[in-house]
Amino acid sequence: MGTTFIDIKHEQGAKIITITQRGTLKSNVIPSVVVVCEDAVAEKVLDLVNSETNGSYKIVTAGAWGNMATLLYGMYFYRRHLQQTGDTRFLEVLCVTDGDITPQWFQKVIEETHRGSHAPEHIKETLSLIKQSIISFELSEHPENTKGIPEYNHKKWLEEISPDHLNKHFESRLAVLNSCLERCTPNQEDGVRSEIFDIKREISETLQIIEISQRMKFKAIEGFVDYHAYYKRLSATLKRKDTLIYYQHYAIVYAVLSIIKKFNPARWNAYIAPVKKAMEEASRNQTDVFRKDRFNNKEIG
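Residues numbered from 1 in each chain as written. Predicted model: local features only at pLDDT ≥ 70, side-chain atom pairs only at ≥ 80, totals over all residues. Heavy atoms only, no water.

Considering the overall build of the protein chain
The helix and strand tally for the protein chain stands at 10 helices and 11 strands. Of the contacts formed within the protein chain by residues at least 6 apart in sequence, a portion of 70% connects residues at least 24 apart. Of the charged side chains in the protein chain, 40 are positive and 39 negative, and the gap between their average positions amounts to 2 Å. (Helix = DSSP H or I, 4+ residues; strand = E, 2+ residues; numbered from the N terminus. Contact = heavy atoms within 4.5 Å. Lys, Arg positive; Asp, Glu negative; His and termini not counted. Charge placed at Lys NZ, Arg CZ, Asp CG, Glu CD.)

Set out below in structure tokens:
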């Protein structure tokens, strides 16, 4: 809430502009950092990362990761010419790959972003900036002759969660709730039993998803095992089972990632660490660029 009042006067050959801001309008609007990813699965991962990261982010998909290099080349080419006009403001754009790119492939694609014999003088600097703006998730395994390596890792991390681990996770809370049942009034009993039911339902459905995942097998076709259909197959199997209450089969990617985040945090934190760090750094840079007032391409406060 607030007001902005702009008064323009012309006196003795001078143009006087008075801007008066009150309330929250005294603070500048900080645009969201643009985070580009490859596909819908990566978008779901970033949604979860966003929920535990400071800052504001707009997540968009770009398809194949090679498109990111082209996107960034155009952005830095434009940014360089914009800065020559005196305008140093620019949106932070961070590109995130799935984490399954070999260093050799990464280097090759970046170097081929600009082709031809008449490259700009600043091409090396631009390619270096592109490399710095492409961040990867950290996968724990990179099996050979495998497609859908991110989905393979998600499957593996999900299946590492044992029934004993799940029960231990809720052990102390269930003990407190069961103790409450012995001491609570009849009016309080329904609420306590409801929470116990929700916990047991979460355990049951989590184990159901894990068990179905463990039974899923992927055969090699033309020498490659393809895990891209992992989530689609998992969702289709769950549709044929009992109705899920705590999770939804149509949001199975979010469900699996949430389970990993909650019950296998070591894997989750290692997976997102490079991206989370880069997102927060980009947000700080964006805030610093846009928090200052400007007039006619000059900072005034």
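Topic: the packing of helix 5 (residues 149–159) against helix 9 (residues 252–263)
For any two helices packed against each other, the geometry comes down to the angle between their axes and how far apart the axes lie. Viewed as axis vectors pointing N to C, helix 5 and helix 9 meet at an angle of 50°, and their least axial separation amounts to 9 Å. Relative to helix 9, the element helix 5 is oriented oblique. The handedness of the crossing between helix 5 and helix 9 is left-handed. Seen from helix 5, the contacting residues are H154, W157 and L158; seen from helix 9, they are V256, L257, I259 and I260. Among the residues forming the contact of helix 5 with helix 9, the class breakdown is 6 nonpolar, 1 polar and no charged. (Axes fitted to C-alpha atoms, helices over the stretch in contact; angles between N-to-C directions. Parallel < 35°, antiparallel > 145°, perpendicular 65-115°, else oblique. Left-handed = near helix turned anticlockwise from the far one by under 90°. Nonpolar A, V, L, I, M, F, W, Y, C, P; charged D, E, K, R; others polar.)

Some thoughts on the nonpolar core
By size, the foremost hydrophobic cluster in this structure holds 58 residues, and its most contacted members are L46, I209, L234, I252 and W268. Leave out the neighbours within four places in its chain, and L234 touches I209, I212, S213, M216, I252 and V256. Listed in part, the 19 residues of the second largest apolar core include W65, A69, F106 and I134. (Core = buried A, V, L, I, M, F, W, Y, C linked by side-chain atoms within 4.5 Å. Buried < 20%, exposed > 50% of the residue type's maximum accessible area, 1.4 Å probe, protein only.)

Considerations on the pattern of salt bridges
Think of it this way: side chains of opposite charge can pair up when their charged atoms draw near. Per the stated rule, a full pass over the model turns up 13 salt bridges. For K155, the salt bridge goes to E159, with nearest N and O atoms at 2.7 Å. Note that K155 and E159 are positioned in helix 5 at a spacing of 4 residues, about one turn of the helix. In this structure K155 comes out as buried when scored by relative accessible area, which is 9%. Residue class for E159 comes out partly exposed when judged on its relative accessible area of 23%. In the salt-bridge network here, residues are joined through shared partners; they are E52, K261 and K276. (Salt bridge = Lys/Arg side-chain N within 4 Å of Asp/Glu carboxyl O.)

Here's the deal with helix 10 (residues 265–290)
The periodicity of an α-helix, 3.6 residues per turn, causes residues three or four places apart in sequence to face the same way. Counted at 1.5 Å a residue, the expected span for helix 10 with its 26 residues is 38 Å, and the 35 Å between its end C-alpha atoms agrees. Within helix 10, the full set of buried residues consists of W268, Y271, I272, V275, A278, M279, A282, S283, Q286, V289 and F290. (Expected span 1.5 Å × (residues − 1).)

Details of the packing of aromatic side chains
Applying the stated criterion to the full structure yields 11 aromatic pairs. Seen in terms of ring centroids, W268 and Y271 are 6.0 Å apart; in terms of plane orientation they differ by 65°. Their pairing is edge-to-face. Of this pair, W268 and Y271 are both found in helix 10, 3 residues apart, which corresponds to roughly one turn of the helix. Of the two residues, W268 and Y271, both sit in the buried class. Sitting over the face of the ring of F90, R79 holds its NZ or CZ atom 3.6 Å from the ring centroid. (Phe/Tyr/Trp six-rings, centres within 6.5 Å; stacked < 30°, edge-to-face > 60°. Lys NZ or Arg CZ within 6 Å of the ring centre and 35° of its normal.)

Some thoughts on the sheet that holds strand 7 (residues 146–147)
Spatially, the 3 strands line up as an open sheet ordered 7-9-8, and their pairing is mixed. Either end of the sheet is taken by a strand with one partner, and the two such strands are strand 7 and strand 8 (220–221). Relative to strand 9 (residues 224–226), strand 8 runs antiparallel, the two sharing 2 bridges. Of the residues in strand 9, the one forming a bridge with I221 is F224. (Pairing = 2+ DSSP bridges.)

A short note on the sheet that holds strand 6 (residues 134–136)
Within the open sheet, the 4 strands sit side by side as 4-3-5-6. Their pairing is parallel. Strand pairing shows two members of the sheet lacking a second neighbour, strand 4 (57–61) and strand 6, which therefore form its edges. Between one strand axis and the next, the sheet turns through 30° on average, direction left out of account. Note that strand 5 (residues 93–97) and strand 6 share 3 bridges and pair parallel. Across the sheet, residue C95 finds its bridge partner in strand 6, namely I134. Along the sheet, helix 2 (residues 66–83) contacts strand 3 (33–37), strand 5 and strand 6; its crossing angle with strand 5, the most-contacted strand, is approximately 165°.

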